[in-house]
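Working through the structure, step by step
One-letter residues, chain by chain:
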Amino acid sequence: MYGLVFDIAHMLAGGMVVVSFLLLYQDRLYALLNTYALHALLLALVVSWQAYSHDAPHLYVTAGIALIFKAIIIPVVLHRIIQRLGIQRTIEQVLGVGLNMLVGVLLVALAIIVMLPVTAASEALVREDLIFALSIVLLGLLMMITRRNAVSQVVGFMSMENGLVLAAVGASGMPLVVEISIAFSVLIALIVIGIFLFRIRERFDTVDVQAMDAFRGERP
Amino acid sequence: MNGSTVVAALLLIPLSAAVLLVLLPGYRVAARLNVVATLLTLLSAITLFHVRPPANLYLLVDDFNIYLIVLNTWVGFTTSVFSASYIGHELATGRLTPVYLRFYHAMYQGLMFAMNLALLANNIGLLWVAIELATLTTVMMVGIYRTHEALEAAWKYFILGSVGIALALFGTILVYLAAQPVVGQGLPAMAWHILLPQASAFDPALLNLAFVFLLLGYGTKVGLAPLHAWLPDAHAEGPTPISAVLSGLLLNVALYAVLRFKMLMSANPAAVAPGPLMVSMGLVSLVFAAFMLYQRRDIKRLFAYSSIEHMGIITFAFGMGGPLANFAGLLHMTLHSLTKSAIFFAVGHVAQIKGTQKISDIRGLTVTHPALGWGLLLGVVAIAGLPPMGIFVSEFLLVTSTFAREPLLALPLVLGLLLALGALLLRVQGLAFGEPIGSTAPGQASYLPLFAHLGLVLIAGIWLPGPLVSWFTHVAALLG
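Keep in mind that what you see is a predicted model, and the values were worked out from it rather than measured. (Residues numbered from 1 in each chain as written. Chains lettered and ligands numbered in written order. Predicted model: local features only at pLDDT ≥ 70, side-chain atom pairs only at ≥ 80, totals over all residues. Heavy atoms only, no water.)

1. So, the overall build of chain B
Across its full length, chain B carries 19 helices and 0 strands. Against the 2.2 N^0.38 benchmark of 23 Å for 480 residues, chain B shows a C-alpha radius of gyration of 21 Å, consistent with a compact globule. The principal-axis extents of the C-alpha atoms in chain B amount to approximately 65 × 55 × 45 Å. For chain B, with 480 residues in total, the buried portion stands at 64%. Sequence-distant contacts, at least 24 apart, represent 81% of the contacts inside chain B between residues at least 6 apart. (Helix = DSSP H or I, 4+ residues; strand = E, 2+ residues; numbered from the N terminus. Rg over C-alpha atoms; globule rule 2.2 N^0.38 Å. Buried < 20%, exposed > 50% of the residue type's maximum accessible area, 1.4 Å probe, protein only. Contact = heavy atoms within 4.5 Å.)

The following block contains the structure:
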């Protein structure tokens, strides 16, 4: 049961959690994008390992989407958008690195405490995948809360989504995984197009979400 | 015609209309085609009462969703009629360009497709994909005016909605994991009609966790406080027909998803009861929104908060459970859809005529525009829960059944209802009566959808047809 298959799956999925931590403290946008690309690359590896070890060829489609779309196209496009908007020098950090890491560790602990008892009946790999997935989702949420810049919020959302794909792949034999990952990709593509088409930069002179709050219609 | 063709029609008519509307250049033709397509969808929905297809692994028609499908296509149809008279003015004032209008119509049909798919879905994964699609189409329509406020509203809706559906997906995966040891791997472990009879054997701990995620996730889309932040902005900044379908339909569809999962939870005796969670979220939304109603300066935001309030009431009713409260919840869901979309029809024309959404700049409507003014007044009387309109009946049922079972819970419920009543009457008094200000030009308006809805709500308040009552009683029993 605890053979090489398990070890490799374990290492790759655990690697995603580590990269999620890396994402938390990247305060420069380009570095953030590169780290996200690594996150997506690891996801592609996890999924293709799962496809290979569980003999589920349809998962290669999901892996392909993760590799081509999330690890290559999205970072490149966001890179260019950042250049266009002229925000490449933005440095943002709401919580300090230490506090951020501490909260992150607490969230991972929470994920373990929540998931371990309820998955007692499942096989070890499924349990681990779910714990890792929930950790990544919570870390992504943390990032969305602590960041104020629209681009980094989107990166937070995308890392969260990678966690969800991990959960869906980990749930053995779950149907519609491919469809769900395609639907998610459409969502992400639209968010990215949204930043660009809505020209948040151009319209608001900043992609800082805090500044956008000033446009609330309710203020007299 | 057999059942499967009807179901196919429900999905394919909006889909092919969406494609056609992208290609059609003229807006008059497009608006008419939009009406025709929604009418055809409505007709096919009605034939579902006569021929019902057997459930397959993807789609399902049962007693619960059939009436929501008919309600959905009906409001979709009337809103498209309203939209046809509304949208010409937006083009004339230059708020929308012809290209955006094409996009608008296509998205409208896309939304209809997504909502029908969500209601018909027999597969929890398909349900999730459909609700995600519905979110996307509405996000685009909320941002369609491309003003600061509209873009901010769309962005906020986008981010909050995405987080919501992400949480819902995690919940969906957990439900699959709970079902898989009992039902076996593959599609059957995601189909409602297979899950429900076997739900008692599922792992209760997994189900509990899943329900928390699902309630938070889909609850964001329902607009339950404290996850409602997107809702007022999205209603206020988008085109009014979209506010009407958002309030009248999309919130219902999200609530439908929550209710389906609640049925699973109730079928498992060992799982935690979903009721108290829903009751507390419902009450918080109700009381919170009722207080917020007093501070609104924008007429569309006012009614958006009223939607939060009513979704709170409905969630509370289903959380209480039992035949009577469920009956009240189902009735309230239907009547709120009809009333709130009618109000938005009136508000849309009022805002166009006056050129503003500010409550303080609109006064004396019954003098200058009697049909619109009285229509709006009637709508507000209905939504505030005054007799003889139908919402009075459902709220009365809910309050009395709550007093009989949990008198302590009835206190905040009644408090919230009265607060909201006060706020709405206070505001509508200024809107409808007094010295008219602002433009008094006669507006191009279609009164048919407005008064058709109000008429239905009035009839429901005076006399509920027997078949409808037995139908609701039956579904209320199903909901447990």
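2. Notes on the overall build of chain A
When helices and strands are tallied, chain A shows 9 helices and 0 strands. Taken from the N to the C terminus, the helices and strands of chain A come in the order α-α-α-α-α-α-α-α-α. Per-residue burial for chain A yields a buried fraction of 56% across its 220 residues. Put simply, 75% of the contacts in chain A that link residues at least 6 apart link residues at least 24 apart.

3. As for the interface of chain B and chain A
On the chain A side, the residues contacting the 47 residues of chain B number 45 residues. Taken over both partners, the interface formed by chain B and chain A buries close to 4,100 Å², and the fraction arising from carbon and sulfur atoms is 75%. Viewed at the interface, chain A and chain B are joined by 0 salt bridges. If you look at where chain B meets chain A, you find 1 residue pair in polar contact (both at pLDDT 80 or more). Secondary-structure elements contributing two or more residues to the side of chain B that touches chain A are α5 (124–142), α6 (148–183) and α8 (204–222) of chain B. Per-element accounting of the side of chain B that touches chain A gives the leading share, 21 residues, to α6 of chain B. (Buried area = accessible area lost by both parts, 1.4 Å probe. Salt bridge = Lys/Arg side-chain N within 4 Å of Asp/Glu carboxyl O. Polar contact = N/O pair within 3.5 Å; in protein donor to acceptor, adjacent residues only side chain to side chain.)

4. Notes on α6 of chain B
The α-helix winds at 3.6 residues per turn, so residues separated by three or four positions along the chain end up facing the same way. Residues and elements named next belong to chain B. Across its 36 residues, α6 extends 50 Å between first and last C-alpha, which sits within 8% of the 52 Å expected from 1.5 Å per residue. Burial within α6 is extensive, with 30 of its 36 residues counted as buried. Among the residues trailing α6, Gly-184 stands out with phi positive, at a value near 100°. (Expected span 1.5 Å × (residues − 1).)

5. Structural notes on the environment of Gly-161 of chain B
Residue and element names in this part refer to chain B. Summarising the element assignment, Gly-161 is placed in helix α6. Overall, the relative accessible area of 2% leaves Gly-161 in the buried class. Taking the C-alpha atoms as reference, Gly-161 lies 29 Å from Val-350; in sequence the two are 189 residues apart.

6. Topic: the packing of aromatic side chains
Overall, the coordinates contain 19 aromatic pairs over all chains when judged by the stated rule. Between Tyr-157 of chain B and Trp-230 of chain B, the ring centres sit 4.5 Å apart and the planes meet at 15°, which makes this aromatic pair stacked. Of this pair, Tyr-157 of chain B sits in helix α6 while Trp-230 of chain B is found in helix α9 (residues 230–237), placing the two residues 73 residues apart along the sequence. In this structure, Tyr-157 of chain B and Trp-230 of chain B share a single accessibility class: buried. Each ring, one from Tyr-447 of chain B and one from Phe-451 of chain B, has its centre 6.4 Å from the other, and the planes form 50°; the classification is tilted. In this structure Tyr-447 of chain B comes out as partly exposed when scored by relative accessible area, which is 32%. Its relative accessible area of 35% is what places Phe-451 of chain B among the partly exposed residues. Put simply, the rings of Phe-157 and Phe-184 of chain A together with Trp-128 of chain B touch in pairs and so form one group of aromatic residues. Cation over ring: Arg-95 of chain B sits above Tyr-145 of chain B, and NZ or CZ is 4.0 Å from the ring centre. Over the face of the ring belonging to Trp-230 of chain B we find Lys-221 of chain B, whose NZ or CZ atom lies 5.5 Å from the ring centre. (Phe/Tyr/Trp six-rings, centres within 6.5 Å; stacked < 30°, edge-to-face > 60°. Lys NZ or Arg CZ within 6 Å of the ring centre and 35° of its normal.)

7. Here we look at a nonpolar patch on the surface
Residues and elements named next belong to chain A. Taken together, the side chains of Leu-38, Leu-41, Leu-45, Leu-67, Ile-68, Ile-72, Ile-73, Val-76 and Val-77 present a nonpolar region at the surface, about 710 Å² in accessible area. Contributions of two or more residues to the nonpolar patch are made by α2 (29–53) and α3 (59–85). Among the elements that take part in the nonpolar patch, α3 stands out by supplying 6 residues, more than any other. Checked against the element boundaries, Leu-41 lands in helix α2. Classification of Leu-41 by relative accessible area gives partly exposed; the value is 37%. (Patch = residues over 30% accessible without salt bridge, like charges linked within 9 Å, V, L, I, M, F, W, Y side chains within 5 Å. Areas by Shrake-Rupley, 256 points an atom, 1.4 Å probe, with all protein chains shown as cover.)

8. A few points about the domain arrangement of chain B
Residue and element names in this part refer to chain B. As far as domains go, chain B holds domain 1 (1–165 + 231–262) and domain 2 (274–480). If you average the C-alpha positions of domain 1 and of domain 2, the two centres end up 22 Å apart. Contacts between domain 1 and domain 2 engage 38 residues on the former and 40 residues on the latter. At the surface where domain 1 touches domain 2, the tally comes to 2 salt bridges. Linking Arg-301 and Glu-237 is a salt bridge whose minimum nitrogen-to-oxygen distance equals 3.5 Å. (Domains from an automatic or database assignment.)

9. Topic: the side chain of Arg-301 of chain B
Inspection of the secondary structure assignment puts Arg-301 of chain B in helix α12 (residues 299–320). Here Asp-233 of chain B takes part through its side chain, which lies 2.8 Å from a polar atom of the side chain of Arg-301 of chain B.

10. Structural notes on the side chain of Lys-300 of chain B
Residue and element names in this part refer to chain B. The residue Lys-300 is located in helix α12 in this model. The buried charged residue Lys-300 lacks any salt bridge partner; its closest oppositely charged side chain belongs to Asp-298, at an N-O distance of 7.1 Å. A polar contact of 3.2 Å, which involves the side chain of Lys-300, links it to the side chain of Thr-240. Residues in contact with Lys-300, not counting those within four places in the same chain, are His-235, Ala-236, Gly-238, Pro-239, Thr-240, Ser-243, Phe-344, Val-347 and Gln-357. (Lys, Arg positive; Asp, Glu negative; His and termini not counted.)

11. Details of helix α3 (residues 63–92) of chain B
All names here are of chain B. In this model α3 runs 45 Å from its N-terminal to its C-terminal C-alpha over 30 residues, within 8% of the 44 Å that 1.5 Å per residue would give. Where α3 bends most, the angle comes to about 30°, and this point is Ala-84. Of all the 30 residues making up α3, 24 are buried; the element is thus mostly covered by neighbouring parts of the structure. Of the residues one or two after α3, Gly-94 is the one with positive phi, at around 80°. (Bend = angle between axes of the 7 residues up to and from the residue.)

12. Side note on the nonpolar core
Residue and element names in this part refer to chain B. Judged by nonpolar contacts, the single largest core of 260 residues is most densely connected at Leu-127, Leu-174, Tyr-218, Phe-261 and Phe-303. The leading source of residues in this core is α6, at 21 residues. Mapping this core onto the domain boundaries places at least three of its residues in each of domain 1 (1–165 + 231–262) and domain 2 (274–480). Non-local contacts of Phe-303, meaning those with residues more than four positions away in its chain, are made with Lys-340, Ile-343, Phe-344, Val-347, Leu-376, Val-380 and Leu-424. (Core = buried A, V, L, I, M, F, W, Y, C linked by side-chain atoms within 4.5 Å.)

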